Protein chains: 2
Amino acid sequence: MNNFTFFSPTCFEFGRDTESRTGALVKRFGGSKVLIHYGSGSVIRSGLMNRVQSSLQASGLDCVLLGGVQPNPRSGLVYEGIEICRREGVDFVLAIGGGSTIDSAKAIAAGVPHMGDFWEFFSGKAVIGKAIPVGVVLTLAAAGSEGSGVSVITREQDSLKRATYSDLIKPVFAIMNPALTCTLPPYQTACGAMDIMAHVMERYFTNTPDVELTDRLCEAVLTTIIEQVPRVLSHPDDYNARANIMWAGMLAHNDICGAGRDQDWASHKIEHELSALYDVAHGAGLAVIFPAWMKYVLEHNPMRFARFAVKVWGCDMDYMNPLRTAREGISRLEAFITSIGLPLNFAGIGAREADIEYMVRTSGVNENFKLGSYVSLGAADVAAIYRLAL
Amino acid sequence: MNNFTFFSPTCFEFGRDTESRTGALVKRFGGSKVLIHYGSGSVIRSGLMNRVQSSLQASGLDCVLLGGVQPNPRSGLVYEGIEICRREGVDFVLAIGGGSTIDSAKAIAAGVPHMGDFWEFFSGKAVIGKAIPVGVVLTLAAAGSEGSGVSVITREQDSLKRATYSDLIKPVFAIMNPALTCTLPPYQTACGAMDIMAHVMERYFTNTPDVELTDRLCEAVLTTIIEQVPRVLSHPDDYNARANIMWAGMLAHNDICGAGRDQDWASHKIEHELSALYDVAHGAGLAVIFPAWMKYVLEHNPMRFARFAVKVWGCDMDYMNPLRTAREGISRLEAFITSIGLPLNFAGIGAREADIEYMVRTSGVNENFKLGSYVSLGAADVAAIYRLAL
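A brief report on the enclosed structure follows. Please read all numbers here as calculations on a predicted model, not as lab measurements.

1. Here's the deal with helix α4 (residues 75-88) of chain B
Since the α-helix advances by 3.6 residues per turn, residues separated by three or four positions end up pointing in the same direction.
Line of reasoning, step 1. Between its first and last C-alpha, α4 of chain B extends 20 Å over 14 residues, near the 20 Å set by a 1.5 Å rise per residue.
Line of reasoning, step 2. Positive phi shows up at Gly89 of chain B, right after α4 of chain B, with a value of about 70 degrees.

This is the structure in structure tokens:
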């Protein structure tokens, strides 16, 4: 097991009607003037915005609004948010939404006290040294951004999608009401599930030995998703299944499943080029890339994939031919992806073989910068994985 | 699933040599003058105290020392610690040790700014409203106090053992170096393992439906302990096994395994009377009480115990007779307890049948105050469980 720091200081307020506690939580964590950051008008139409604003008012808190966050959130809105916060004296950013809105809120929160361009945090030219606090009212189980220190933003002019990380942008609180996810369309629910599974699998496939406990935690989250997602696809109002999925989404990415392990993250980076270029849902892109990555790296450690097959998918172990079991695990993942209505190849997301060369280039992979730790991938490897997903 | 708040703000610094970071962490969390609280001289003889003090000095921090914490920590030393902190202007309590030392440190930290008697927090007459920060250098995998808001103290004059809880006494950091646990005697290692398992089982046996994810997390922690403890008993220096156990001890009690579930805690309260009266190790008392409790409540929900048998102990499910499988799970737990050198009955801990009546009385159970939530236990039930442990 590797040495590690685990720090997940977010206060999670989980369950029905918990959005009524927003005002009290903003106050507890020191906010007095709030930027409410959100995506489309659906949070207004659903009445959620009203309930949150009432709670803020009841706690005597002022707020300003900034909507318009898109999936794969853009730098332009971040600049706008930073400007509003500075002009209006905002000292707390409240995201109402899913990963995109939270990531945009984190970028704003870090950008407000920063003298330079906030993009420096994403290009690697600066490190976040200060941020105003971020709170969350979660409406989507997927990205796990409510419990993580990660933000992913796409720069508009060149479609560059980049991530940054800091303890300072971990949300101080996250309100998680599973009932808010019951109205999600099946496709979005499925994309969220794939994102959650991918967060766990990026940590599960590791070369670090003797990490038995986190292996088992990973398996616990994966088997929960596999069990619960079909339930909500057939019964969207199943509150308890939604609740298990929503909590799994947080655990998949606050790093409790990754403590003490080398982590991979190649599939995420390979996918980021897809969703930046074609603006597909991140979860759909992961559905296309992850099985392809698995096939490409399978022989690096077939027993790891055999364990995945047995413990996660309930396959019988073929002790004479573990590689057969290993392959069966990948097939089972593909069958699951198809069963929840997600694509498995480029055609399914409108991606084109002709763009592979461009995506390999924009991924930044070269002889000195490779992707992944489970298997280290150069440009030719990344291109081969894209081709396996054709 | 129930509504819940999950808040585990401790910064965990895990791995080899992490005690060298003590000074930096105390400073990060605002300490300037530190009370170092510890138990016996072993932390001095092992050189750990020296390394911690060097780290504090390197960060320019002053400290005063207070040793002498005993297992089942006493109120007397807490009063002494509070007085020292006030007199010396201490603003940070650093516990070096296991659960007893951490619990004592928490009580001191809450007592310092409190006008009245600190015991009011334990008798239920006052609620902790303020505390100076607590940090931990953990030397024992057992109580999980490094990640919890619980403190358990025994009042000397009448052997009353009582607990209190507050977010405000959750450690701000916990340094967890598994190598420090490699020199533990087998009996203490085993007692710690039993304590860890008990923390999970108090949460596992619940009437709350649809808590699949936390069920699986509980099973992940339990199976890890069952797998790793025999490894360290035969090879005490097995760092990785020690590491898995140490991290399991934290996860067993920071409530990640209990989120959204009714929890029981009857066995803990029944055991507290044993360890208060006979001063036996908490883990040994739990080894005696937990199987007795299980036998007493088994028929409340045999399928719950059948799941425990299958998922935790790897028993085959007897679909014709689930009760048989359920009983087999309890037998497997008993065999495990014996195999790691712990007692299963009163004789093994020097407890006497004649004291049962006294213990039932001091537990405070009566018609208006019952123990447990999985099955609600009155005085006659508690007496029957003690008798099952004879």
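Here the narrative resumes.
2. Focus on the sheet that holds strand β8 (residues 173-176) of chain A
Line of reasoning, step 1. Spatially, the 12 strands line up as an open sheet ordered β3(A)-β2(A)-β4(A)-β5(A)-β8(A)-β1(A)-β1(B)-β8(B)-β5(B)-β4(B)-β2(B)-β3(B), and their pairing is mixed. Of all the strands in the sheet, the pair left with one neighbour each is β3 (62-66) of chain A together with β3 (62-66) of chain B. Within the sheet, the average angular offset between the axes of one strand and its neighbour, ignoring direction, is 25 degrees.
Line of reasoning, step 2. As judged from the 5 bridges shared by strand β4 (residues 92-97) of chain A and strand β5 (residues 134-138) of chain A, these two strands associate in the parallel manner. Within β5 of chain A, the position partnered with Gly97 of chain A by the bridge is Leu138 of chain A.
Line of reasoning, step 3. Packing against the sheet, helix α3 (residues 48-58) of chain B makes contact with β2 (33-38), β3, β4 (92-97) and β5 (134-138) of chain B, and its axis sits at approximately 155 degrees to β4 of chain B.
Line of reasoning, step 4. Packed on one face of the sheet, helix α5 (residues 99-111) of chain B meets β2, β4 and β5 of chain B and runs near 170 degrees to β4 of chain B.

3. Topic: the packing of helix α10 (residues 266-278) of chain A against helix α11 (residues 282-297) of chain A
All names here are of chain A.
Line of reasoning, step 1. Running from N to C, α10 and α11 point in directions that differ by 130 degrees, and their axes come no closer than 9 Å. By the angle between their directions, the pair α10 and α11 is classed as oblique. For the pair α10 and α11, the sense of crossing is right-handed. Residues Ala266, Ser267, Ile270, Glu271, Leu274 and Ser275 of α10 form the contact with α11, whose own contacting residues are His282, Gly285, Leu286, Ile289, Phe290 and Trp293.
Line of reasoning, step 2. Counted by class, the contact of α10 with α11 contains 7 nonpolar, 4 polar and 1 charged residues.

4. Quick look at the packing of α11 of chain A against helix α16 (residues 379-388) of chain A
All names here are of chain A.
Line of reasoning, step 1. At a minimum axis separation of 8 Å, α11 and α16 run at an interaxial angle of 120 degrees. With respect to α16, the element α11 is oriented oblique. Considering the relative orientation of α11 and α16, their crossing is right-handed. Here α11 contributes Ile289, Ala292, Trp293, Lys295 and Tyr296 to the contact with α16, which in turn contributes Asp381, Ala384, Ile385 and Leu388.
Line of reasoning, step 2. Here the residues of the contact of α11 with α16 sort into 7 nonpolar, no polar and 2 charged.

5. Focus: the interface of chain B and chain A
Line of reasoning, step 1. Opposite the 34 residues of chain B that make contact, chain A presents 34 residues.
Line of reasoning, step 2. When contributions to the side of chain B that touches chain A are tallied by element, the ones reaching two or more residues are β1 (4-14), α8 (212-234) and α9 (239-251) of chain B.
Line of reasoning, step 3. No other element matches β1 of chain B, which puts 10 residues into the side of chain B that touches chain A.
Line of reasoning, step 4. Tallied by class, residues from the side of chain B that touches chain A come to 16 nonpolar, 12 polar and 6 charged.

6. Some thoughts on the relation of the copies chain B and chain A
Line of reasoning, step 1. For the pair chain B and chain A, the best superposition has an RMSD of 0.0 Å and corresponds to a rotation of 180 degrees with a translation of 0.0 Å parallel to the axis. Here the transformation between the copies is reduced to the relation of a two-fold axis. Taking C-alpha positions as reference, the residue of chain B nearest the rotation axis is Pro9 of chain B, located at 1.9 Å.
Line of reasoning, step 2. The fraction of interface residues of chain B whose copies in chain A are also interface residues reaches 100%, indicating that both copies meet through the same surface.

7. Examining α10 of chain A
All names here are of chain A.
Line of reasoning, step 1. Between the first and last C-alpha of α10 there are 19 Å, a value that for 13 residues agrees with the 18 Å anticipated at 1.5 Å per step.
Line of reasoning, step 2. Counting buried residues in α10 gives 11 out of 13 residues, a clear majority hidden from the surface.
Line of reasoning, step 3. Among all positions of α10, only Ala266, Ser267, His268, Lys269, Ile270, Glu271, His272, Glu273, Leu274, Ser275 and Ala276 are buried.
Line of reasoning, step 4. Asp279, located one to two residues past α10, shows a positive phi value of around 55 degrees.

8. What to know about the environment of Gly135 of chain A
All names here are of chain A.
Line of reasoning, step 1. Position of Gly135 relative to the elements: it lies in strand β5.
Line of reasoning, step 2. Taking the C-alpha atoms as reference points, Gly135 and Asp215, 80 residues apart in sequence, are found 30 Å from one another.
Line of reasoning, step 3. Not counting the four nearest positions on each side in its chain, Gly135 is found in contact with Leu25, Val26, Phe29, Phe92, Leu94, Pro171, Val172 and Phe173.

Thresholds, definitions, all that
Residues numbered from 1 in each chain as written. Chains lettered and ligands numbered in written order. Predicted model: local features only at pLDDT ≥ 70, side-chain atom pairs only at ≥ 80, totals over all residues. Helix = DSSP H or I, 4+ residues; strand = E, 2+ residues; numbered from the N terminus. Expected span 1.5 Å × (residues − 1). Pairing = 2+ DSSP bridges. Axes fitted to C-alpha atoms, helices over the stretch in contact; angles between N-to-C directions. Contact = placed C-beta atoms within 7 Å. Parallel < 35°, antiparallel > 145°, perpendicular 65-115°, else oblique. Left-handed = near helix turned anticlockwise from the far one by under 90°. Nonpolar A, V, L, I, M, F, W, Y, C, P; charged D, E, K, R; others polar. Least-squares fit on C-alpha atoms with pLDDT ≥ 70 in both. Buried ≥ 20, exposed ≤ 12 C-beta atoms within 10 Å, placed from the backbone.

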